[in-house]
Amino acid sequence: MAETARTTRTEGGLAAADLQWLTELMAVDSVSPLEGGPLDGAARAQRVFLAGAAERGFRTALHGPPAAELLERPEVPATVREVAGRDLSAFLEGQPSVVVAYGSPQPQERRLVVNFHMDTVGPHVPPRLEGRVLHGRGAVDDKGPGVAAAAGIAAAFAEDPGLDGRIEVQIASVPGEEGGAMGTYGTRALIDAGYTGRLMVFAEPTGNTFMDGCTAAMTPRITVAGQDSTDDHPADGHNATVLLGFLADFLARRLGPLAHGMGAKLCVSGLHTGNAHNRVYGSGQLLLNIAYPATEQAELLAASLEVLIEEARTEFAHLHAHDPFSRRTVKDWRRIVRLDWLKQGLPTLNNRDPEAELLLNDAGFVRHDGLADGSAFTCDAIWAPGPGRYVVVCGPGRLDANGAHTADEFVHLDDLDTYALRIKDLVHAFAAHTA
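Residues numbered from 1 in each chain as written. Predicted model: local features only at pLDDT ≥ 70, side-chain atom pairs only at ≥ 80, totals over all residues. Heavy atoms only, no water.

Caption draft 1: Quick look at the packing of aromatic side chains. The tally for this structure, following the rule as stated, stands at 9 aromatic pairs. Their ring planes at 65° and their centres at 5.3 Å tell us that Phe49 and Phe116 sit as a pair that is edge-to-face. Within this pair, whereas Phe49 is found in helix α3 (residues 41-55), its partner Phe116 is found in strand β3 (residues 111-117), the two being separated by 67 residues in sequence. Neither residue differs from the other here; Phe49 and Phe116 are each classed as buried. Measuring from ring centre to ring centre gives 5.2 Å for Phe91 and Tyr185, while their planes differ by 65°; the resulting arrangement is edge-to-face. One end of the pair, Phe91, is in helix α5 (residues 88-93); the other, Tyr185, is in the loop between β6 (168-174) and α7 (187-192), and 94 residues separate them in sequence. Exposure remark for Tyr185: the relative accessible area of 0% places this residue in the buried category. An aromatic cluster is defined as three or more aromatic residues linked by ring pairs; in this entry it consists of Phe246, Phe250, Phe316 and Trp333. (Phe/Tyr/Trp six-rings, centres within 6.5 Å; stacked < 30°, edge-to-face > 60°. Helix = DSSP H or I, 4+ residues; strand = E, 2+ residues; numbered from the N terminus. Buried < 20%, exposed > 50% of the residue type's maximum accessible area, 1.4 Å probe, protein only.)

Caption draft 2: View of the packing of helix α6 (residues 143-159) against helix α14 (residues 413-434). Running from N to C, α6 and α14 point in directions that differ by 45°, and their axes come no closer than 7 Å. Between α6 and α14, the interaxial angle falls into the category oblique. As α6 runs across α14, the sense of the crossing is right-handed. Residues Gly144, Pro145, Ala148, Ala149, Ala151, Gly152, Ile153, Ala155, Ala156, Phe157 and Glu159 of α6 lie in contact with α14, whose contacting residues are Leu416, Tyr419, Ala420, Ile423, Lys424, Val427 and His428. Its residues assigned to classes, the contact of α6 with α14 comprises 13 nonpolar, 3 polar and 2 charged. (Axes fitted to C-alpha atoms, helices over the stretch in contact; angles between N-to-C directions. Parallel < 35°, antiparallel > 145°, perpendicular 65-115°, else oblique. Left-handed = near helix turned anticlockwise from the far one by under 90°. Contact = heavy atoms within 4.5 Å. Nonpolar A, V, L, I, M, F, W, Y, C, P; charged D, E, K, R; others polar.)

Caption draft 3: Spatial organisation of the sheet that holds strand β5 (residues 133-135). The strand order β4-β5-β18 describes an open sheet built from 3 strands, whose pairing is antiparallel. For this open sheet the edge positions go to β4 (128-130) and β18 (410-412), each flanked by a neighbour on one side alone. Ignoring strand direction, the axes of neighbouring strands in this sheet form an average angle of 20°. With 3 bridges connecting them, β5 and β18 associate as antiparallel partners. Across the sheet, residue Val133 finds its bridge partner in β18, namely His412. Its contacts with the sheet place helix α2 (residues 16-27) against β4 and β5, and it is angled at close to 20° to β5. Across the face of the sheet, α14 comes into contact with β4, β5 and β18 while running at roughly 65° to β18. (Pairing = 2+ DSSP bridges.)

Caption draft 4: Local environment of helix α4 (residues 78-86). All of the buried residues along α4 are Val80, Val83 and Ala84. The arc that holds every buried residue of α4, seen down its axis, measures 95°, which confines them to one face. Opposite the packed face of α4, turned more than 90 degrees from it, sit the exposed residues Gly85 and Arg86. Residues of α4 that are buried make contact with α5. (Arc of directions from axis to C-beta.)

Caption draft 5: Layout of the environment of Ser283. Within the fold, Ser283 resides in strand β14 (residues 283-292). Ser283 gets classed as partly exposed once you look at its relative accessible area, which sits at 33%. Apart from residues lying up to four places away in sequence, Ser283 is in contact with Val224, Ala225, Gly226, Asp228, Ala240 and Thr273. Reaching out from Ser283, the side chain makes a polar contact with the backbone oxygen of Gly226 at a distance of 3.5 Å. (Polar contact = N/O pair within 3.5 Å; in protein donor to acceptor, adjacent residues only side chain to side chain.)

Caption draft 6: Looking closely at the packing of α2 against α6. α6 packs onto α2 with a crossing angle of 150° between their chain directions and a minimal axis gap of 10 Å. The pairing of α2 with α6 is recorded here as roughly antiparallel in orientation. Taken as a pair, α2 and α6 cross one another with a handedness that is right-handed. Note on element contacts: α6 touches α2 through Lys143, Gly144, Val147, Ala150 and Ala151, opposite Asp18, Trp21, Leu22, Leu25 and Met26. In terms of residue class, the contact of α2 with α6 is made up of 7 nonpolar, 1 polar and 2 charged.

Caption draft 7: View of the sheet that holds strand β8 (residues 210-211). A sheet is described by the order of its strands in space; here 7 strands give the open sequence β1-β2-β6-β3-β7-β17-β8, paired in mixed fashion. Bordering the open sheet on either side are β1 (59-64) and β8, each of which pairs with just one other strand. In terms of strand pairing, β3 meets strand β7 (residues 199-202) through 4 bridges, oriented parallel. Pairing of Leu112 across the sheet is with Leu199, part of β7. Each of β1, β2 (97-102), β3 and β6 is contacted by α3, which is oriented at about 10° to β2, the strand it contacts most. Packed on one face of the sheet, helix α12 (residues 354-362) meets β7, β8 and β17 (390-394) and runs near 35° to β17.

Caption draft 8: Representation of the nonpolar core within the structure. Ranked by internal contacts, the top residues of the largest apolar core, which has 59 residues, are Ile153 and Leu426. For this core, the element with the highest residue contribution is α14, accounting for 10 residues. Once residues lying within four places of it in the same chain are set aside, the contact partners of Leu426 are Leu112, Leu199, Val201, Leu359, Leu360, Ala363 and Phe365. Among the nonpolar cores identified, the runner-up in size contains 48 residues, and Val113, Val224, Leu247 and Leu305 belong to it. (Core = buried A, V, L, I, M, F, W, Y, C linked by side-chain atoms within 4.5 Å.)

Laid out in structure tokens, this is it:
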């Protein structure tokens, strides 16, 4: 297949064999376990990726699960701990990372790294090709970009075998990006282990431009732990539905504009108390997600949330002063309402490097300041910055325009071809600069 791919590929774009490899990869259900996917989904997908990479001449530099100690770090989201804790051994074995490479091993300054994530959001959507448009889960986020990058790298070394010995180009295929995992047991483990490069490209959908900044996110949870009651005696219980519904609206009105003014984004997300019509639910929870461009904003917004919840208590008491059915809820607010954090303390990405930016420009990638215009998003590139590295987010398609995280996810093959061609050119530019 490797020889077929080289002879039918047009100047570094995807060959028929590459497209077949991609659809085989997309057919594997690798929905994150944090989104209800199978524990071994990433492991099965990684085997398909490794087989295709080997056929294209890549050597395997790493194939293994994360260490259990990683999950003990304070920044690891609570949802990761919860899912992993159900069957730790199966979770770790089912979520391996893979690193494949072209070129003999080199030090960081002579290494280019492309990173993509193998896990997807749910539900799984099988691949479907309609003309030049590929539909299905992972088409644009993130299996399509990963395979396109591999095609481009293989094409560069096929054009110039002399690159071997001068540079090393790695592809890191990781689990744990989706579902709020934030790369804490995938990309972060590889960075800690030294799989870094002078230039690190995270192949996320950015319209084939590159961003050198991205946000991180924190997830506060507001819980009501009160007493239920029946519909015949609604005043006897604590009404978590009324309380949390009020808080959702209050925080949207008060915390939302504050976050917006700081360049952050507030998502008022899941609210749950119950499903029945004939009871008062005394317990429930409200989830928020706050994406922030810098840790200073995160700290200020976290402190503001605590103040606003207290202000909300006062406003709720005033609004329900004459409501006999909410009297107990007003009275016991401080006892039954609790704020905790499912995810907090994550770093952000914000780096510049004029020298490395020129290399990307030479390959046809143009810089896009996503932090300035608000289009920057959260991904596991936040763990990659360090001395001697320039980290960018750059890939084909766009998260919104290509239906990522929806049942209509797709990518145009022309976009994958363009990305593969530019990655090929980037390898050549990196080698020329390193020489």
